[in-house]
Amino acid sequence: QVQLVESGGGLVQAGGSLRLSCAASGGTFSRYSMAWFRQAPGKEREFVAVISWSGGSTRYADSVKGRFTISRDNAKNTVYLQMNSLKPEDTAVYYCAAKTGGPRVDRFEYDYWGQGTQVTVSS
């Protein structure tokens, strides 16, 4: 059983930056592909970014490509999401998720989820 705890959310002005972290425990972190999803009020949870177990493969939603960067530190059992040039439409609860096997964008393939961290971008 893997436990995931996100941190780093907050309130930021448009154009600003935030760095989210997700600390994992209870499993072999390096076995898991790790992803970030987000959910805005009244909307479905959507894919943001994913990274393979080794960090060698990443994928991004078109809406964040070039602005967000996902990375991981397997020695620290932590995955990060660096968010730059934030826009009001990035406002959402951001969730970390883990799955065994290769990186995927479908949220239904993920076995473990964190509780989420709120990101609010003001205009």
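Relevant structure appears above.
Quick notes on the rules
Residues numbered from 1 in each chain as written. Predicted model: local features only at pLDDT ≥ 70, side-chain atom pairs only at ≥ 80, totals over all residues. Heavy atoms only, no water. Core = buried A, V, L, I, M, F, W, Y, C linked by side-chain atoms within 4.5 Å. Buried < 20%, exposed > 50% of the residue type's maximum accessible area, 1.4 Å probe, protein only. Helix = DSSP H or I, 4+ residues; strand = E, 2+ residues; numbered from the N terminus. Contact = heavy atoms within 4.5 Å. Pairing = 2+ DSSP bridges. Axes fitted to C-alpha atoms, helices over the stretch in contact; angles between N-to-C directions. Phe/Tyr/Trp six-rings, centres within 6.5 Å; stacked < 30°, edge-to-face > 60°.

Visitor: Before we move on, can you summarise the nonpolar core with the specific residues and values?
Guide: With 37 residues, the main nonpolar core has L4, M34, W36, V79, L81, M83 and Y94 as its most contacted residues. Broken down by secondary-structure element, the contributors of at least two residues to this core are β3 (18–25), β4 (32–39), β5 (46–51), β7 (68–73), β8 (78–83), β9 (92–100) and β11 (117–122). Ignoring sequence-local partners within four residues, the contact set of V79 consists of L20, S21, C22, F29, M34, W36, I51, I70, S71, R72 and C96.

Visitor: Pulling in residues and values, what's your account of the pairing of β11?
Guide: Residues T117, V119 and V121 point to one face of β11 and are all buried, whereas Q118, T120 and S122, pointing to the other face, are not buried. Sheet topology places strand β2 (residues 10–13) next to β11; 4 bridges connect them, and they run parallel. From the neighbouring strand, G10 faces β11, where its bridge partner is V119.

Visitor: I'd like a description of the sheet that holds β8, backed by residues and values.
Guide: Pairing in this open sheet of 4 strands is antiparallel, and the strands run β1-β3-β8-β7 from one edge to the other. What marks the edges here is a single partner per strand, and that holds for β1 (3–7) and β7. Between one strand and the next, the sheet's axes are offset by a mean angle of 15°, whatever the strand orientation. Alignment of β7 against β8, held across 6 bridges, turns out to be antiparallel. Across the sheet, the residue bridging to R72 is V79, located in β8.

Visitor: For the packing of aromatic side chains, give the residues involved together with the corresponding values.
Guide: Within this structure, the stated rule accounts for 6 aromatic pairs. Ring plane angle 85° and centroid distance 6.0 Å describe the contact between Y32 and Y112, whose orientation is recorded as edge-to-face. Residue Y32 is found in strand β4, and its partner Y112 is found in strand β10 (residues 112–113); the two are separated by 80 residues along the sequence. The class of Y112 is buried, set by a relative accessible area of 18%. Between the aromatic rings of Y110 and W113, the centroid separation amounts to 6.3 Å while the plane-to-plane angle is 65°, which identifies the pairing as edge-to-face. On the basis of relative accessibility, which here comes to 6%, the residue Y110 falls in the buried class.

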